[in-house]
Amino acid sequence: MMNLYKVDFPSPIGVIEIAGTKDTVYSVLFADREIVEYARTSNTPQAIEICYQQLEEYFAGKRLEFTFPYEVSGTAFQREVWQALTTIPYAKTASYRDIARTIGREKAVRAVGSANGKNKISIAIPCHRIIGANGKLTGYAGGLWRKEWLLEHEQRISSSEKMDLLS
């Protein structure tokens, strides 16, 4: 039996609960509540600490991709979809159809949408970067307002990086 640890991360768009063991993060999910007793301590497992630090860097505009150790559990199809999501570049978007094509299952658009909604590693597996084929925002487990905020955040950071390069 493994010990499961939880830590709340206070993001600009609400509490994100990070859960995992000493070696692996199993979920990074928005929690519609105030921060609870889970606080970082000297006993916070390294995997969760790394995730926490990388989320801080992401929200500060200093991190474009994630490297903390995580593990996903799901069907082979879901894992294939989640892996494809990680190929969507920072500040870019793709449609469910794009992901279906990427995994070689062009007709599985609805199944891709369902798998996308079951992603438990929010932000790091960037399901917020999926939009409808018509270019409009579609469902997001964390709420459409958060999805919009995340996409705008990435656009702002990406735009400011381009400006820095031009200076």
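Every chain is numbered independently, its residues counted from 1 as its sequence is written. Local features in this predicted model are restricted to residues whose pLDDT is 70 or higher, and side-chain atom pairs enter the listing and the counts only when it is 80 or higher, whereas totals over whole chains, interfaces and linings include all residues. Note that water and hydrogens are dropped before the side-chain values are worked out from all heavy atoms of the structure.

Caption draft 1: Here's a closer look at the overall build of the protein. Secondary structure elements follow DSSP: runs of H or I of four or more residues count as helices, runs of E of two or more count as strands, with numbering from the N terminus. Looking only at helices and strands, the protein features 5 helices and 5 strands. Each helix (α) and strand (β) of the protein, taken in turn from the N terminus, gives the series β-β-β-α-α-β-α-α-β-α. Our radius of gyration is a C-alpha quantity, and the globule rule it is checked against amounts to 2.2 Å times the number of residues to the power 0.38. For the protein, the C-alpha radius of gyration of 16 Å lies close to 15 Å, the compact-globule estimate for 167 residues. Counting only C-alpha atoms and orienting by the principal axes, one finds that the protein spans roughly 50 × 45 × 25 Å. When each of the 167 residues of the protein is scored for burial, the buried share is 46%. Working rule for contacts: check all heavy atoms of both residues, and any pair within 4.5 Å makes them a contact. Restricting the contact set of the protein to residue pairs at least 6 apart, pairs at least 24 apart contribute 57%. Carbon and sulfur atoms provide 51% of the accessible area of the protein, an area that totals close to 9,400 Å². Only protein chains enter the accessibility calculation, which uses a 1.4 Å probe; a residue whose area is less than 20% of its type maximum is buried, one above 50% is exposed, and one in between is partly exposed. Each accessible area is a Shrake-Rupley estimate made with a 1.4 Å probe; only the visible protein chains count as cover when residues are assessed.

Caption draft 2: Seen up close, helix H4 (residues 109–117). Along H4, the positions that sit buried rather than exposed are Val-112, Ala-115 and Asn-116. One side of H4 holds all its buried residues, which, seen down the axis, span an arc of 105°. The elements touched by buried residues of H4 are helix H2 (76–85), helix H3 (96–102) and strand S5 (130–131). By arc we mean the arc of the directions from the helix axis to the C-beta atoms, nothing more.

Caption draft 3: Molecular detail of the layout of surface pockets. Approximately 180 Å³ is the volume attributed to the largest pocket. For cavity detection a 1 Å grid was placed over the protein atoms alone, and a set of points counts as a cavity when a 1.4 Å probe fits there but cannot get out; an open set counts as a pocket when protein lies on both sides within 12 Å along at least five of seven lines, with lining residues being those that have an atom within 4 Å of a point. Forming the boundary of the largest pocket are Leu-64, Glu-65, Phe-66, Tyr-70, Thr-86, Ile-88, Pro-89, Tyr-90, Ile-123, Ala-124, Pro-126 and Arg-129. Grid points are joined across faces, edges and corners, and a volume is the space filled by probe spheres set on the points.

Caption draft 4: Layout of the packing of aromatic side chains. Classification of ring pairs rests on two measures: the distance between centres of Phe, Tyr or Trp rings, Trp counted by its six-membered ring, which must be within 6.5 Å, and the angle between planes, read as stacked under 30 degrees, edge-to-face over 60 and tilted in between. A full pass over the atoms with the stated rule returns 9 aromatic pairs. Residues Phe-30 and Tyr-140 carry aromatic rings whose centres are separated by 6.4 Å and whose planes lie at 70° to one another, so their mutual orientation is edge-to-face. With Phe-30 in strand S3 (residues 25–31) and Tyr-140 in the loop between S5 and helix H5 (144–166), the pair connects residues that are 110 residues apart, well separated along the chain. On the accessibility criterion, Tyr-140 (11% relative accessible area) is buried.

Caption draft 5: The arrangement of the nonpolar core in detail. Grouped together as the largest cluster of nonpolar side chains are 42 residues, with contacts concentrated most on Val-25, Leu-55, Phe-59, Val-81, Leu-85 and Ile-123. Elements that contribute at least two residues to this core include exactly strand S1 (5–11), strand S2 (14–20), S3, helix H1 (46–59), H2, H3, H4 and H5. For this core, the element with the most residues is H1, which contributes 7 residues. With residues up to four places along the chain from it excluded, the contact list for Val-25 reads Ile-18, Ala-19, Gly-20, Ala-47, Ile-48, Cys-51, Phe-68, Pro-69, Tyr-70, Glu-71 and Ile-121. Here, nonpolar core refers to any group of buried Ala, Val, Leu, Ile, Met, Phe, Trp, Tyr and Cys residues whose side-chain atoms link them within 4.5 Å.

Caption draft 6: Highlighting the sheet that holds S2. Spatially, S1-S2-S3 is the arrangement adopted by the 3 strands of the open sheet, whose pairing is antiparallel. One side of each edge strand has no neighbouring strand; the edge strands of this open sheet are S1 and S3. For this sheet, the mean angle separating the axes of adjacent strands, direction not counted, is 20°. Here, a strand pair is defined by DSSP locating no fewer than two bridges between the strands. Axis angles are defined between N-to-C directions and span 0 to 180 degrees, where every axis is a line fitted to C-alpha atoms and, for a helix, only to the segment in contact.

Caption draft 7: Structural detail: the pairing of S1. Here S1 runs beside S2; their pairing, made up of 7 bridges, is antiparallel. Looking at the pairing, Ser-11 lines up with Gly-14 of S2. In textbook terms, the turn of a hairpin is the stretch between consecutive antiparallel strands, and for S1 and S2 this stretch comprises 2 residues.

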